[in-house]
Amino acid sequence: MPLQPVHDSPVRTRHPFLLRAIRRRKHPPLRRTDITVTDEKSVKRAVKAAALGNAMEWFDFGIYSYLAVTIGKVFFPPGNDNAQILSSFATFAAAFLVRPLGGMFFGPLGDRIGRKKVLSLTMIMMASSTLAIGLVPGYASIGFWAPVLLIAFRMLQGFSTGGEYGGASTFIAEYSPDKRRGFFGSFLEFGTLIGYTTAAGLVTVLTVALPHSAMQSWGWRVPFLVAAPIGLIGLYLRLKLDETPAFQKLADDDGSAADTASHSGFLQRMRGQWRAMVLCVALVAAFNITDYMLLSYMPTYLSNTLGYGTTSALVSIIVVMLVLMAAITFVGRFSDRIGRKPVLMAGSLGFLVLAVPSFLLIRHGTTVTVFAGLLLLGLCLLPYVSVMSASLPALFPTQVRYGSLSIAFNISVSLFGGTTPLVIEALIGGFHDDLVPAYYTMAAAVVGVVATAAMKESARKPLKGSPPSVATKDEAIDLVESQHA
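Residues numbered from 1 in each chain as written. Predicted model: local features only at pLDDT ≥ 70, side-chain atom pairs only at ≥ 80, totals over all residues. Heavy atoms only, no water.

(A) Examining the packing of aromatic side chains more closely. Considering all chains together, one arrives at 15 aromatic pairs under this definition. Geometrically, the ring pair formed by Phe 171 and Tyr 175 is tilted, given 5.3 Å between the ring centres and 55° between the ring planes. Here Phe 171 pairs with Tyr 175, and both are found in helix H10 (residues 164-175), just four residues apart, close to one helical turn. The same class applies to Phe 171 and to Tyr 175, which are both buried. An aromatic cluster of at least three residues, connected via ring pairs, comprises Phe 183, Phe 184, Phe 187 and Phe 190. (Phe/Tyr/Trp six-rings, centres within 6.5 Å; stacked < 30°, edge-to-face > 60°. Helix = DSSP H or I, 4+ residues; strand = E, 2+ residues; numbered from the N terminus. Buried < 20%, exposed > 50% of the residue type's maximum accessible area, 1.4 Å probe, protein only.)

Now the structure itself:
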């Protein structure tokens, strides 16, 4: 005998009050005290501190990318320019090998002792390792030990960075009101672009101002040494912050929750999160391949593969990044209205359709066509950088958000992001086809389309495991009253 639908069920007809009581027990109505009312000044301070840390992270990685050719000549044996560049990019990629280890260490630690303390620690480690790279003597001075020390400090950078993005995006997401998470989250990637732009600008100024010999002997060290004072400013800002409201409420409601989440072992901690982690890996892969291809690898592609001037390449990249910076918060705010999925899908489809035309323009080699091609790629990247930092934290519950996001994010970055310059350079050398970056970008875009289609919309909704977060007391009252309407 077929089962009757619930709306025709005799149980529903005879016992409506019982069913209503069961539903209320499973989903109790919100009380005013259940809702987090954010303080806008605190949110802005949190966003500023997190974004500055992210800016420093990508300043560090940016200067290495933009100085890859010089670093190859300084730290590796002379004789073969291509081998030096590949060695430099291999060292760049080496830092990403340890990022998952950093995520596995710092992520669960952030779920246990809090986001603020871990983000302060990662800031100290990042600034120290970047400063150390600027002080290491070159191959001509200490021989074999030069690349050894370079790789060691790069790996320390990578280890500390493993706890940075997951923590920073979690920090902003947990501070932001639900209806403005896209807007505030976009400032994290705004910080990324500031880091890249500052790195590219500083390298460009040094390249123009200094003779080649001075640049190779000591000029390249200046950007690395600048990292120390930036790190101190970022550390000061982070130490002045309070812990996120979501983490505080978790600790207040169940003091053992965070401790249990961190001590229960890797497999148990990740139980129930595998789908979200796979989705996170796919989204990050699509994002980072296109991001590193445009912002990290492109100067080398333009100068080394196409013979375009190094300074002109950096200036073009800087202008494209300034355009992205001008638009990123508007797209983040727009995603709060229409949702994250439509925005991410637009970026993925844009790369899929426009990658080859963009690289054909770039390959043409004139200033106008190179800039036009880079700008097309930048506009396709814009949806990713605008909403990714609001989308990823929403995949995981509060108890394991920092750890799950850090592990999944850094596994993906390690496999697909940091290896992008090395893989593309090797493929170009193997296939002798300078459209390889376009094909690689299109493959990433396909992954982005599938992952975006599979994700659930998270705009204007509470984070998993967290109570609703609103901007005003009136909004909280309206939310409570709407349950009885």
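(B) Highlighting a nonpolar patch on the surface. The grouping of Leu 349, Leu 352, Val 353, Val 446 and Val 450 at the surface amounts to a nonpolar patch, some 410 Å² of accessible area in total. Elements that contribute at least two residues to the nonpolar patch include exactly helix H19 (340-364) and helix H23 (436-454). Here the element with the most residues in the nonpolar patch is H19; it accounts for three residues. Position of Leu 352 relative to the elements: it lies in helix H19. On the basis of relative accessible area, Leu 352 is assigned to the partly exposed category, the value being 30%. (Patch = residues over 30% accessible without salt bridge, like charges linked within 9 Å, V, L, I, M, F, W, Y side chains within 5 Å. Areas by Shrake-Rupley, 256 points an atom, 1.4 Å probe, with all protein chains shown as cover. Salt bridge = Lys/Arg side-chain N within 4 Å of Asp/Glu carboxyl O.)

(C) Representation of the environment of Gly 143 in the model. With respect to the element layout, Gly 143 can be found in the loop between helix H8 (139-142) and helix H9 (145-161). Here the alpha-carbon distance between Gly 143 and Pro 77, two residues 66 residues apart in the chain, equals 8.1 Å.

(D) Structural view of unusual backbone geometry. The backbone of His 432 sits at a positive phi, close to 55°, despite the residue not being glycine. Within the element layout of this structure, His 432 appears in the loop between helix H22 (420-431) and H23. Looking at His 432, the relative accessible area reads 70%, which means it is exposed. You will see that Arg 460, though not glycine, has its phi angle at about 65°, which is positive.

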